[in-house]
Amino acid sequence: MTDWYAAGLEHIWLPYTQMKTVTPPLAVASTQGTRIRLSDGRELIDGIASWWTACHGYNHPHIRAAVQTQVERLPHVMFGGLVHEQALTLARRLAQILPGDLDRVFFSDSGSVSVEIAMKMAIQYFLNKGERGRSKFVSFRHGYHGDTIGTMAVCDPDEGMHSLFTGLLPEQWVVDLPDTPEKLAALEAFFQTNGERVAGILVEPLVQGAGGMKMHGAKVLRHLRRIADAHGTLLIFDEIFVGFGRTGTMFACEAAGLVPDIVTLSKALTGGTMALAATIATKRVFDAFWDDRPSAALMHGPTYMGNALACAAANASLDLFENEPRLIQVSAIEAHLAHALPACRDLPGVVDVRVKGAIGVVELAAIGDLNALKRAFVAEGVWVRPFGNIVYLTPAFTATEEDLATLTGAVHKVLSARV
Ligand SMILES: *Cc1c(COP(=O)(O)O)cnc(C)c1O
């Protein structure tokens, strides 16, 4: 293995990484279930399911078989003027399992792009209806919606990932989530003044992921629905992290009992096997594009949209949600995390422990040496990636009790040993 590793490392550029001082990345030879097998023979239990994607564990035979069949038949065709069974079946199935009339699916290939598309949809929705001046988005502190130029502007501006680019970005309104009466009043006042300029309210429902794993109640989302309706703007749920069972219901919007106008999905859509994303609109949004004017069409079209291999993987992933007890597994994980993680509350520097669905978070006052912490987890035989000031677990839903005990035990042990 050393040949490809050393020779290739000279040429690779890693994400969010200072390449000069990088801790050498671990070489992975293979994956199976909740395990990442390293080229040096070590095996790690994945505590974060490869950035929340591998919800069924790695190499699930059903997804693998679906992709193998598809690769022989039709790996990919352009989606302009051509369609195929996997994409149309996936669109129909997503429409079926999403609540309300969220039933028009636009495919793309990454989460960031699906959010960009949602934003373009919202802007063009109002233009098509002849309503001028709605060009702004309201999003929330601690939010994360992607790394592209348009989505950086709706991320938390102070979380550090994108602050360098401030001058370049279109200015959006990033405000506090209305999770107290004072913040709700502030948001309502904001909308009294600016509501007519807002094309959409963009939120990660229930749990804000990459911006700090902050959690809020369903009530907050109902306030947003009400405010959006009162001011004639669209409500966009970015369910890229929380979608597909992560918070306990298939989609987080179900827990709030409401239907957003646009939803974005990606991460677990293909069960962690392929790049695929979807932006799904309600009938009302789609109808604004249903017109005799060609210029009223949605102006977007990624080259690899509706990729047949990715759609086959996603259809197979949905089969697994139908045929295996995923949501029951999520509630068992929630129970395990809620039982095991609170022991971390008494450790030095821990300021909060919180759990929602298959998400467990230990927040610290400050992390200190982040790289030392990452190495300590590897030494414990687990793959856990703290960021900011949090250590979190988002395991595969198929993780066993034993896996979970190892993961929560490692979190407790590593945080106990922290100096
Ligand atoms: C990961 C993520 C994105 C961006 O998805 P990419 O595929 O990395 O572009 C957007 N929104 C949320 C909520 C995410 O978790």
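Remember, it's a predicted structure, so these values are computed and weren't measured experimentally.

How would you summarise the pairing of strand E13 (residues 350–356) if you had to cite specific residues and measurements?
Both E13 and strand E14 (residues 359–364) contribute to a ladder of six bridges, which runs antiparallel. By the bridge assignment for E14, valine 355 is matched with glycine 360. As consecutive antiparallel partners, E13 and E14 are separated by two residues, and within that stretch glycine 357 has a phi angle of approximately 55°, a positive value.

Tell me what's going on with the site of the ligand, and back it up with residues and numbers.
Around the ligand, a shell composed of Trp52, Ser110, Gly111, Ser112, Tyr144, His145, Gly146, Glu204, Asp238, Ile240, Phe241 and Lys267 is seen. In this structure, glycine 111 approaches the ligand through a main-chain N or O atom, which is 2.8 Å from an oxygen atom. A distance of 3.5 Å is found between a nitrogen atom of the ligand and a backbone nitrogen or oxygen belonging to tyrosine 144. Of the residues assigned to the shell around the ligand, the class counts are four nonpolar, five polar and three charged.

Summarise helix H5 (residues 111–128); cite the residues concerned and give the values.
Taking 1.5 Å as the rise per residue, H5 with 18 residues should run 26 Å; its terminal C-alpha atoms sit 25 Å apart, in good agreement. Counting buried positions along H5 gives 13 out of 18 residues, so the element sits mostly inside the fold.

Tell me about helix H3 (residues 61–73), and name the residues and values.
The terminal C-alpha atoms of H3 lie 18 Å apart, and with 13 residues this matches the ideal 18 Å at 1.5 Å per residue to within 8%. Of the surrounding elements, those touching the buried residues of H3 are helix H4 (85–97) and helix H11 (308–323).

Could you give me a rundown of the packing of aromatic side chains, with the residues and numbers involved?
The tally for this structure, following the rule as stated, stands at 11 aromatic pairs. Note on tyrosine 125 and phenylalanine 126: the rings are 4.9 Å apart at their centroids and 80° apart in plane angle, and the pair reads as edge-to-face. For the residue pair tyrosine 125 and phenylalanine 126, the accessibility class agrees, reading buried in each case. Here the aromatic rings of phenylalanine 387 and tyrosine 392 are separated by 5.6 Å at their centres, their planes lie at 75°, and the arrangement is edge-to-face. Here a set of aromatic residues connected by ring pairs shows up, and it is made of Trp52, Phe241, Phe387 and Tyr392. The ring of phenylalanine 286 has arginine 104 lying over it, and the distance from NZ or CZ to the ring centre is 3.9 Å. Here arginine 134 stacks its cationic end above the ring of phenylalanine 126, 4.9 Å away from the centre of that ring.

Go over the packing of helix H12 (residues 326–340) against helix H14 (residues 401–416), please, and point to the residues and values.
Running from amino to carboxyl end, H12 crosses H14 at an angle of 30°, the nearest separation of the two axes being 11 Å. On the basis of the axis angle, H12 is roughly parallel to H14. The handedness of the crossing between H12 and H14 comes out as right-handed. For the pair H12 and H14, contact is made by Ile333, His336, Leu337 and Ala340 and by Glu401, Leu404, Ala405 and Thr408, respectively. Here the residues of the contact of H12 with H14 sort into five nonpolar, two polar and one charged.

Provide a residue-level description of the sheet that holds strand E2 (residues 35–38), including the pertinent values.
What the four strands build is an open sheet, ordered E1-E2-E3-E15; its pairing is mixed. Since the sheet does not close on itself, it has two edges, and those belong to strand E1 (28–32) and strand E15 (382–383), each with one partner. Strands E2, strand E3 (43–46) and E15 of the sheet are contacted by H14, whose axis makes an angle of about 90° with E3.

Which residues make up the side chain of glutamate 363, and what values do they have?
In this fold, glutamate 363 is placed in strand E14. Excluding residues that lie within four positions of it along the chain, glutamate 363 makes contacts with Lys214, Gly349, Val350, Val351, Asp352, Arg354, Asn389 and Ile390.

So what's going on with a nonpolar patch on the surface? Residues and values would help.
A cluster of nonpolar side chains, Ile149, Leu164, Phe165 and Leu168, forms an exposed patch at the surface whose accessible area comes to about 430 Å². Among the secondary structure elements, leucine 164 is positioned in the loop between helix H6 (149–152) and strand E6 (173–175). We classify leucine 164 as exposed; its relative accessible area is 77%.

Explain the packing of H4 against H11 residue by residue, including any values.
Each pair of packed helices can be described by the angle between their axes along with the distance between the axes. Direction vectors running N to C along H4 and H11 enclose 40°, while the axes themselves pass 9 Å from each other. Where H4 crosses over H11, the handedness of that crossing is left-handed. Here H4 contributes Gln86, Ala87, Thr89, Leu90, Arg93, Leu94 and Ile97 to the contact with H11, which in turn contributes Ala308, Cys311, Ala312, Ala314, Asn315, Leu318, Asp319 and Glu322. Among the residues making up the contact of H4 with H11, the classes are represented as nine nonpolar, three polar and three charged.

Reading the values: the criteria
- Residues numbered from 1 in each chain as written.
- Predicted model: local features only at pLDDT ≥ 70, side-chain atom pairs only at ≥ 80, totals over all residues.
- Heavy atoms only, no water.
- Pairing = 2+ DSSP bridges.
- Helix = DSSP H or I, 4+ residues; strand = E, 2+ residues; numbered from the N terminus.
- Near = heavy atom within 4 Å.
- Polar contact = N/O pair within 3.5 Å; in protein donor to acceptor, adjacent residues only side chain to side chain.
- Nonpolar A, V, L, I, M, F, W, Y, C, P; charged D, E, K, R; others polar.
- Expected span 1.5 Å × (residues − 1).
- Buried < 20%, exposed > 50% of the residue type's maximum accessible area, 1.4 Å probe, protein only.
- Contact = heavy atoms within 4.5 Å.
- Phe/Tyr/Trp six-rings, centres within 6.5 Å; stacked < 30°, edge-to-face > 60°.
- Lys NZ or Arg CZ within 6 Å of the ring centre and 35° of its normal.
- Axes fitted to C-alpha atoms, helices over the stretch in contact; angles between N-to-C directions.
- Parallel < 35°, antiparallel > 145°, perpendicular 65-115°, else oblique.
- Left-handed = near helix turned anticlockwise from the far one by under 90°.
- Patch = residues over 30% accessible without salt bridge, like charges linked within 9 Å, V, L, I, M, F, W, Y side chains within 5 Å.
- Areas by Shrake-Rupley, 256 points an atom, 1.4 Å probe, with all protein chains shown as cover.
- Salt bridge = Lys/Arg side-chain N within 4 Å of Asp/Glu carboxyl O.

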